[in-house]
Amino acid sequence: MQNKARNFKRNTYKEKSEKKSELSGNELSWSSVGNFFRSKRLRKTIGLFFALLSVFLILSFVSYLFTWQADDDLLNGRTFNWALLVDASVMPENLMGRLGAIVAHFFIKQGFGISSFLFVLIFFLTGFRLLFGFGILPFWRTFVHCVFFLLWVSIFFGSIIRTGPELMLAGVFGFQAYVWLNGIIGGLGLAILLLFSMGSYILLVFDPNLSYIGQQIAGAFSRKSSREDTTQWQEEETEEYSEETEDGDYQEKNNAPSSVEFLVEGTEDELNKSDNTSIVSGVPPLDVEIASGKITDHNYQSIDDPARFGTETDMPDLSHLGPYDPKLSLPHYQIPELRLLDERGSSSIQVNKAELEANKNKIIETLNNYSIQIDRIKATIGPTVTLYEIIPAPGVRISRIRSLENDIALSLSALGIRIIAPIPGRGTIGIEVPNSNPEIVSMRSILSSERFQLSTLELPIGLGKTIANETYIADLTKMPHLLMAGATGQGKSVGLNAILASILFKKHPAFVKFVLVDPKKVELTLFSKIERHFLAKLPDAEEAIVTETRQVVRTLNSLCVEMDNRYDLLKDAQTRNIKEYNAKFQERKLNPNHGHRFLPYIILLIDEFADLIMTAGKEVELPIARLAQLSRAVGLHLIIATQRPSVNIITGTIKANFPARMAFRVTSKIDSRTILDTGGAEQLIGRGDMLLSTGSELIRLQCAFIDTPEIERITDFIGSQRAYPQPFLLPEYFDEGESEIGPIDPAERDELFEEAARIVVSTQQGSTSLLQRKLKLGYNRAGRIIDQLEAAGIVGPFEGSKAREVRIRDEVTLEQILKQV
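Residues numbered from 1 in each chain as written. Predicted model: local features only at pLDDT ≥ 70, side-chain atom pairs only at ≥ 80, totals over all residues. Heavy atoms only, no water.

Draft legend 1. Expanded view of the overall build of the protein chain. When its secondary structure is counted, the protein chain shows 28 helices and 16 strands. Summing over all exposed atoms, the protein chain offers an accessible surface of approximately 46,000 Å²; the carbon and sulfur share of this is 55%. (Helix = DSSP H or I, 4+ residues; strand = E, 2+ residues; numbered from the N terminus. Areas by Shrake-Rupley, 256 points an atom, 1.4 Å probe, with all protein chains shown as cover.)

Draft legend 2. Local environment of empty space enclosed by the protein. Scanning the model with the defined rule gives two cavities of 30 Å³ or more in all. As a volume, the largest cavity reaches approximately 50 Å³. For the largest cavity, the full set of lining residues is G382, P383, T384, V385, K465, T466, I467, D689, R700, L701 and Q702. Elements with a minimum of two residues in the lining of the largest cavity: β6 (460–466) and β15 (698–703). Sorting elements by how many residues they give to the lining of the largest cavity places β15 first, with three residues. Class assignment of the residues belonging to the lining of the largest cavity gives a composition of four nonpolar, four polar and three charged. Empty space within the second largest cavity amounts to approximately 30 Å³. Around the second largest cavity, the lining residues are L125, F128, R129, G135, I136, L137 and F139. Tallying contributions element by element places helix α5 (residues 118–132) first for the lining of the second largest cavity, with three residues. (1 Å grid on protein atoms, 1.4 Å probe; cavity = no way out; pocket = protein on both sides within 12 Å on 5 of 7 lines; lining within 4 Å. Points joined across faces, edges and corners; volume = space filled by probe spheres on them. Nonpolar A, V, L, I, M, F, W, Y, C, P; charged D, E, K, R; others polar.)

Draft legend 3. Region of interest: the pattern of salt bridges. Throughout the structure, instances matching the rule amount to 30 salt bridges. Here R344 makes a salt bridge to E710, at a shortest N to O gap of 2.6 Å. Of this pair, R344 sits in the loop between α10 (268–271) and α11 (353–369) while E710 is found in helix α24 (residues 708–719), placing the two residues 366 residues apart along the sequence. Residue E710 is classed as buried on the basis of its relative accessible area of 0%. Here the salt bridges share partners, and the residues they tie into one network are D342, R344, E710 and R713. (Salt bridge = Lys/Arg side-chain N within 4 Å of Asp/Glu carboxyl O. Buried < 20%, exposed > 50% of the residue type's maximum accessible area, 1.4 Å probe, protein only.)

Draft legend 4. The arrangement of the packing of helix α26 (residues 768–775) against helix α27 (residues 779–791) in detail. At a minimum axis distance of 9 Å, the contact between α26 and α27 shows a crossing angle of 120 degrees. By the angle class used here, α26 and α27 are oblique. α26 and α27 meet at a crossing whose hand is right-handed. Across from T768, L771 and Q772 in α26, the residues of α27 making contact are Y779, A782, G783, I785 and I786. Class assignment for the residues of the contact of α26 with α27 results in five nonpolar, three polar and no charged. (Axes fitted to C-alpha atoms, helices over the stretch in contact; angles between N-to-C directions. Parallel < 35°, antiparallel > 145°, perpendicular 65-115°, else oblique. Left-handed = near helix turned anticlockwise from the far one by under 90°. Contact = heavy atoms within 4.5 Å.)

Draft legend 5. Quick peek at the packing of aromatic side chains. Summed over all chains, the structure comprises 22 aromatic pairs. Consider the rings of F61 and F117, whose centres lie 5.4 Å apart with planes at 75 degrees: the pair is edge-to-face. One end of the pair, F61, is in helix α3 (residues 40–75); the other, F117, is in the loop between α4 (97–112) and α5, and 56 residues separate them in sequence. F61 gets classed as buried once you look at its relative accessible area, which sits at 0%. For F117, a relative accessible area of 22% gives the class partly exposed. For the ring pair Y333 and F534, a centre distance of 6.2 Å and an interplane angle of 70 degrees mean the geometry is edge-to-face. Placement of Y333 in the loop between α10 and α11 and of F534 in helix α17 (residues 531–534) is noted, with a sequence separation of 201 residues between them. Taken as a pair, Y333 and F534 share a single burial class, namely buried. Chaining the aromatic ring pairs together yields one cluster made of F49, F50, F61, F106, F107, F112, F117, F119, F123 and F173. (Phe/Tyr/Trp six-rings, centres within 6.5 Å; stacked < 30°, edge-to-face > 60°.)

Draft legend 6. Local environment of the pairing of strand β14 (residues 689–693). Across the five residues of β14, five count as buried, placing the element largely inside the fold. Of the two faces of β14, the one lined by D689, L691 and S693 and the one lined by M690 and L692 are each fully buried. Across three bridges, the pairing between strand β13 (residues 660–663) and β14 is antiparallel. In the sheet register, R661 faces β14, and the bridge partner there is S693. (Pairing = 2+ DSSP bridges.)

Draft legend 7. The packing of α4 against helix α7 (residues 171–206), seen in detail. In contact at an axis separation of 2 Å, α4 and α7 are set at 5 degrees when each is read in the N-to-C sense. When the interaxial angle is binned, α4 and α7 end up roughly parallel. For the pair α4 and α7, the contacting residues are I108, K109, Q110, G111 and F112 in the first and G171, V172, F173 and G174 in the second. Each residue belonging to the contact of α4 with α7 can be placed in one class, and the counts come to four nonpolar, four polar and one charged.

Draft legend 8. Spotlight on the sheet that holds strand β12 (residues 636–642). Here nine strands make up an open sheet; going across it, the order is β7-β6-β15-β14-β13-β8-β12-β11-β9 and the pairing mixed. Where the open sheet ends on each side, the last strands, each with one partner, are β7 (471–475) and β9 (512–517). With direction set aside, neighbouring strand axes in the sheet form an average angle of 30 degrees. As paired strands, strand β8 (residues 482–485) and β12 are joined by four bridges and run parallel to one another. When the sheet's bridge partners are listed, L483 is paired in β12 with I640. Sitting on the sheet, helix α16 (residues 492–504) is in contact with β6, β8, β9, β11 (601–606), β12 and β15, with an inclination near 130 degrees to β6.

Draft legend 9. Up close: the environment of L53. Along the chain, L53 falls in helix α3. A sequence separation of 70 residues divides L53 from F123, and the C-alpha atoms of the two residues are 7.1 Å apart.

Draft legend 10. Summary view of the side chain of Q373. Note that Q373 resides in the loop between α11 and β2 (374–381). For Q373, the side chain forms a polar contact with the side chain of N368, separated by 2.9 Å. (Polar contact = N/O pair within 3.5 Å; in protein donor to acceptor, adjacent residues only side chain to side chain.)

Draft legend 11. Region of the structure containing unusual backbone geometry. Following M479, the chain continues into P480 via a peptide bond in cis, with omega recorded as -10 degrees. Checked against the element boundaries, P480 lands in the loop between β7 and β8. Of note in this structure, Q764 is not a glycine but carries a positive phi near 55 degrees. Tracing the backbone shows Q764 in the loop between α25 (753–763) and α26.

Draft legend 12. Layout of the nonpolar core. Within the largest apolar cluster, 110 residues are counted, with the highest numbers of intra-cluster contacts made by L463, F514 and L604. Per-element tally for this core: the top contributor is helix α18 (residues 549–573), with nine residues. Setting aside residues no more than four positions away along its own chain, L604 makes contact with V515, V517, L556, L559, I624, L627, H637, L638 and I639. Residues I374, A393, L404 and I431 belong to the second largest nonpolar core, which totals 25 residues. (Core = buried A, V, L, I, M, F, W, Y, C linked by side-chain atoms within 4.5 Å.)

Draft legend 13. Spotlight on a nonpolar patch on the surface. Among the surface-exposed residues, L48, L52, V55, I58, L59, V62, L65, F66 and L95 lie close enough to one another that they form a single nonpolar patch of about 810 Å² accessible area. Looking at the secondary structure, you find L95 in the loop between α3 and α4. What makes L95 exposed here is its relative accessible area of 61%. (Patch = residues over 30% accessible without salt bridge, like charges linked within 9 Å, V, L, I, M, F, W, Y side chains within 5 Å.)

Draft legend 14. A look at α25. All buried positions along α25 are accounted for by F753, A756, A757, I759, V760 and V761. Elements that come into contact with the buried residues of α25 comprise α26, α27 and α28 (811–820).

Draft legend 15. Here's a closer look at the pairing of strand β5 (residues 429–434). Where burial is concerned, most of β5 is hidden: six out of the six residues are buried. Going residue by residue along β5, you find I429, I431 and V433 tucked away on one face and G430, E432 and P434 tucked away on the opposite face as well. Bridging between strand β3 (residues 385–392) and β5 involves six bridges; their strand directions are antiparallel. Across the sheet, the residue bridging to V385 is P434, located in β5. Sheet topology note: the strand β4 (residues 418–420)/β5 ladder contains three bridges and is antiparallel. Bridge pairing in β5 places R418 opposite E432.

Here is the structure:
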């Protein structure tokens, strides 16, 4: 009983101490100063007090500016004491009553004059920070600025106003400080002190560019001659420019970038200095030795014994047939003709000289307003955007120009101003300005270009034209996967159609297959006409274009099976990637009797990835991540598009395996950082304007435009030709969790049932993949055998990613069960 009573007291004391400690963070605690300021409620109360105090002060100060003469007659002759607040004979005209008149009189007339209004800002920032937990301005930095101007303004007015009612602007502090400083350093010394203090403040806070002022002073005597030289140079440039832009067109040969240069200040000799390095006396010359490729001082043995490498002894001799040609399966297939595409826009860029000159002048004027001088400016004209490259004067910080992005956009009255500071590898700062009359980049101009027609890339895709009007062709196998994002109506679907059309205009159906996933069910329906030419699907799928979520999950897992099978083939062929494997197969060095076959590229294209993540989640994300990590070497490439580039849709696992990103215009800078890991996509102008990130560089492109009627003509042209008997069939995939296992008739058991049972019991592993490897079966047949083993009681039920439980521990018991069943 004594122990129970002792334990009860101890627990009671412990509960009280814990309860007291819990209340110490929220309840009022006056035990110590630390606990007092640690209370959240007290901090908020103090913050509310300072916030309302700032309101009281601003009303009192403003009212005092209009009523100070009347209030001074009541307050000047009286000595301040607390009884004055309740003295009914004192009737001030201040809006805040006697307290307001006394406080305003104390701060303004008896204090710091007109600069006392800064106390309002200090009290308001203090109260806001304590009340809400964060500040709207940097508190200590703002406090230092307020203190400086509080003292400087008061002393300044005290030094220029000696008598009269205007002396209220300086206050008693300003006047007494003037009297004291004037007696020490005199009036002229006080003026110098005020100028020095204000100049020091400006230099420390704003760091202005003083080189501009020096240049203006130095060039004051030679400005007239400089104007004459500049006028003469502009006239010469105008003549050369007009000769190059006959009929209003301007384009350099061989589709080179269109550029116009404007010289602002400086000379060419200063900008283009010689790259030749001088020889420093006393430094020995550098000895350069070109390697011959031979390894010396080592005894390396050559490997030339072909017997060391495994060979297939049953490989038939087919050398007399020559190399294997995959195109022979469809020997008469014709690639679509360019006449199926519409001609849009003009072959050359229309140059508006007036627009270029106006934009150049506005950019220079805006920079001059902020004392930023430039030495040179150059315009590179693109189909929709013009890039103005500037070389700033020495000593100009790049951050100052970057901070003027909105000011330049305001002066140009343009949408989508983007500053690149600096341009990688060029040593200049770029300002991208949208053209007033943008050109349409047609898909026909991209596919008919020499760069695309003569391309030897494995999977060439024509994306559009760069800001320098160059045709941009990318290789999907080098990307190797592409992630696309953009707001609704900004060009994602057109970009997907451009990618598909590029491959259709370049590749034979034997070399590439598409797996199209369209959750919206309307974007990719036109490509169903080429189902037996280019599309791949599951054996039991009714349509080649996947639209249902459950079918998407099965298709993705089937692609994972296809990827594993291809890696097995590469392993047997002793090759590292699909290109080496196909080359070896075409040379007839691989035996088709051992399962070897020609492997086409498979491109998985998902139009709206966000919808799949919302409905299926991890069931879609995990196979996508696995494919993105491993499928490059075996020729499986992913193109994923979404209009919601948020972190819960494009997760870190997915982004890590998609080094190539394509961003059309998005709604916020956060979305741009999610898709590109940098800003800029929110400043695009839409209608196919996009940024392409390939990991090392960020390129601005105008996506090629291809309309729905053009896609329809292309698919009709391909669909009208002779096709394969069926689409390319993906491996069968059986979802073990889709249905429950019912009773199985012993007569319907697989012929390998007993052998599979012995393998499972001997290894004590009940998995489908084990039977696939040991018995060399397909996934579906191995899954059916596992179901039969479950029905016979040899293995347990399906448990997700875990292997099934093996309920039979020894082979003797297994043989007895096999005889019974």
